[in-house]
Amino acid sequence: MTFIDRLKQLLGGPHAPESHSEEDDRDSGVCKPITCMEAMAKVHEYLDGELDGVPSEEVAHHFSICQGCYPHLKLEERFRGLLQRSQQDEACPEHVKEQVLELLAAEASEPR
Amino acid sequence: MTEPGKGKIQTADFNEEALPHMDAVFRFALRLSGSRDVAEDLVQETFLRAFRSWDKYTPGTQCKSWLFTICRNVFLRQRERGQRHDEIVSENVDRSSGPFEAVNPVWVKAVKADPEGEFFDAIVDEKVLQHIQELPEDYRTAVILSDLEGLSYQEIAEMTDVPVGTVKSRLFRGRRVLQSALYDYAVSMGYIKDTSDET
């Protein structure tokens, strides 16, 4: 590898670029390869199901073959799981529900 | 003169469409305010206001988002009235405004010590809620609506009256701030080894 190639590789991102190459991606014939930086920049939109301009398959393919980026996707997923877990079974207290119903009944009975 | 039976129809529609979202509105109010007492008041005020303006609601549209919008407006007005000037300034000063890197620096550190993210399992729910509460309001609202309630970018944009790009930016920044705070907490508790000094 030349110095210039190595420099380009370093500027492309800090994740184990040896884990796959663009040549491998092209050979697979499945998806257009995207770089580590592109995949990382799109990780939120990918997990939110809100990708704009990049097919979901391309991002998924990158994470599936890149050992450097994959842990970042997993951590992002675990983080979201933690947020979801933090509010499980959080229901409105019964006395508040009753108060709301009483308020609405009083409001409905008022002449307009 | 009131149209005969209109009030009953309105009440029946409201009961069917709006009331099932009471749990969701309570959760939203709780995350937004960080206080059960405030959340209980917000739920009551939200449903009362929603009932009074039910004729402005288009049946079959996103009722939950509509209720969240009312709830947030009530919360912001109450906060504005109760908040001292120095608190408002303090929140503005604490906000991050610089650009974020595509690669999350928190995950770069975490990957070295715990690539599976098992440290998340040790973080108790109260700490998560505390750190959500500490986010600036616009980041907090975006994170709650997207990550906890599953609303789309477009729905959040309409609710908060900002472009979709702003929603994305708030989500990105809000998540990063929250991730950093939770990681620091996990390090301080010994749930994950600090790898900051490792190269």
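What you are looking at is a predicted structure, and each value in this text was computed from that prediction instead of being measured.

> What am I meant to see in the overall build of chain B here?
On a plain count of helices and strands, chain B comes out with eleven helices and zero strands. Along chain B, helices and strands appear, N-terminal first, in the series α-α-α-α-α-α-α-α-α-α-α. For chain B, the proportion of its 199 residues judged to be buried stands at 33%.

> So what exactly am I meant to see when it comes to the overall build of chain A here?
The secondary structure content of chain A amounts to seven helices and zero strands. The order of helices and strands in chain A, counted from the N terminus, is α-α-α-α-α-α-α. With 112 residues in all, chain A has 23% of them scored as buried. Relative to all contacts within chain A whose residues are 6 or more apart in sequence, the contacts with residues 24 or more apart total 59%.

> I'm lost on the confidence of the model for chain A in this one. Help?
Low pLDDT marks regions whose predicted coordinates should not be analysed in detail. Residues and elements named next belong to chain A. Taken as a whole, chain A shows an average pLDDT of 78; of its residues, 69% reach a score of 70 or greater. Mean pLDDT across the elements of chain A bottoms out in helix H1 (residues 3-12) (46) and peaks in helix H4 (residues 43-48) (95). Segment residues 1-28 is flagged for pLDDT under 50; beyond a separation of four residues in sequence, or across chains, it makes 29 contacts in the model.

> I tried to follow unusual backbone geometry on my own but got confused; where do I start?
With the exception of glycine, most residues fall at negative phi, and the peptide bonds are largely trans. Non-glycine residue B:Asp161 carries a positive phi angle of around 60 degrees. Along the chain, the position of B:Asp161 falls in the loop between helix H10 (153-160) and helix H11 (164-188).

> Just checking my understanding: could you explain helix H4 (residues 63-82) of chain B for this structure?
Helical geometry: 3.6 residues make up each α-helical turn, so side chains three or four residues apart lie on a common side. Between its terminal C-alpha atoms H4(B) stretches 29 Å, which fits the 28 Å expected from 20 residues at 1.5 Å a residue. Three or more residues of H4(B) are buried, namely B:Cys63, B:Trp66, B:Leu67, B:Phe68, B:Ile70, B:Cys71, B:Arg72, B:Val74 and B:Phe75.

> How should I be thinking about the nonpolar core in this particular structure?
Soluble, globular proteins show a tendency: their nonpolar side chains are buried together. Core analysis: the biggest nonpolar cluster contains 55 residues, and B:Val25, B:Phe26, B:Ala29, B:Val43, B:Leu67, B:Cys71 and B:Val143 have the highest contact counts within it. Counting residues per element, this core draws most heavily on H4(B), at eight residues. Those residues in contact with B:Val143, other than ones at most four positions away along the chain, are B:Ile132, B:Leu135, B:Leu171, B:Gly174, B:Arg175 and B:Leu178. The next biggest cluster of nonpolar side chains, apart from the first, holds ten residues, and it includes A:Ile34, A:Met40, A:Cys66 and A:Cys69.

> Whenever I open this one, the interface of chain B and chain A confuses me. Can you help?
Many authors give the size of an interface as the accessible area that is lost as the parts come together. Listed per partner, the contact involves 39 residues of chain B and 33 residues of chain A. For the side of chain B that touches chain A, the secondary-structure elements that each account for two or more residues are helix H1 (6-17), helix H2 (22-33), helix H3 (36-52), helix H6 (105-113), helix H8 (125-133), helix H9 (137-148) and H11 of chain B. Taken together, the residues that form the side of chain B that touches chain A break down as 22 nonpolar, nine polar and eight charged.

> Would you mind showing me how to read the environment of B:Leu30 here?
Residue and element names in this part refer to chain B. Take leucine 30: it is sitting in helix H2. Overall, leucine 30 belongs to the buried group, with 22 C-beta atoms counted inside 10 Å. Taking the C-alpha atoms as reference points, leucine 30 and aspartate 121, separated by 91 residues in sequence, lie 23 Å from one another.

> It is not clear to me how H9(B) should be interpreted in this structure. Could you clarify?
All names here are of chain B. An ideal rise of 1.5 Å per residue puts 16 Å on twelve residues; H9 measures up with 15 Å between its terminal C-alpha atoms. Taking burial as the measure, the twelve residues of H9 include nine buried ones, the bulk of the element. Taken as a whole, H9 has its buried residues at Tyr139, Arg140, Thr141, Ala142, Val143, Ile144, Leu145, Ser146 and Asp147. Glycine 150 sits one or two residues past H9 and shows a positive phi near 70 degrees.

> Help me understand the packing of H9(B) against H10(B), please; the structure alone is not making it clear to me.
Two quantities define a packed helix pair, namely the angle between the helix axes and the distance between the axes. Residue and element names in this part refer to chain B. Where H9 contacts H10, the two axes come as close as 10 Å, and the packing angle between them is 140 degrees. What the angle tells us is that H9 and H10 run oblique. Judged by the twist between their axes, the crossing of H9 over H10 is right-handed. For the pair H9 and H10, contact is made by Thr141, Ala142, Leu145 and Ser146 and by Ile156, Met159 and Thr160, respectively.

> Is there a simple way to explain the environment of B:Ser180 in this structure?
Residues and elements named next belong to chain B. Assignment of secondary structure puts serine 180 in helix H11. For serine 180, a count of 16 C-beta atoms within 10 Å puts it in the partly exposed group. Sequence separation of serine 180 and glycine 165 is 15 residues, and the distance between their C-alpha atoms is 23 Å.

Reading the values: the criteria
- Residues numbered from 1 in each chain as written.
- Chains lettered and ligands numbered in written order.
- Predicted model: local features only at pLDDT ≥ 70, side-chain atom pairs only at ≥ 80, totals over all residues.
- Helix = DSSP H or I, 4+ residues; strand = E, 2+ residues; numbered from the N terminus.
- Buried ≥ 20, exposed ≤ 12 C-beta atoms within 10 Å, placed from the backbone.
- Contact = placed C-beta atoms within 7 Å.
- pLDDT = per-residue confidence, 0-100.
- Expected span 1.5 Å × (residues − 1).
- Core = buried A, V, L, I, M, F, W, Y, C linked by C-beta atoms within 7 Å.
- Nonpolar A, V, L, I, M, F, W, Y, C, P; charged D, E, K, R; others polar.
- Axes fitted to C-alpha atoms, helices over the stretch in contact; angles between N-to-C directions.
- Parallel < 35°, antiparallel > 145°, perpendicular 65-115°, else oblique.
- Left-handed = near helix turned anticlockwise from the far one by under 90°.

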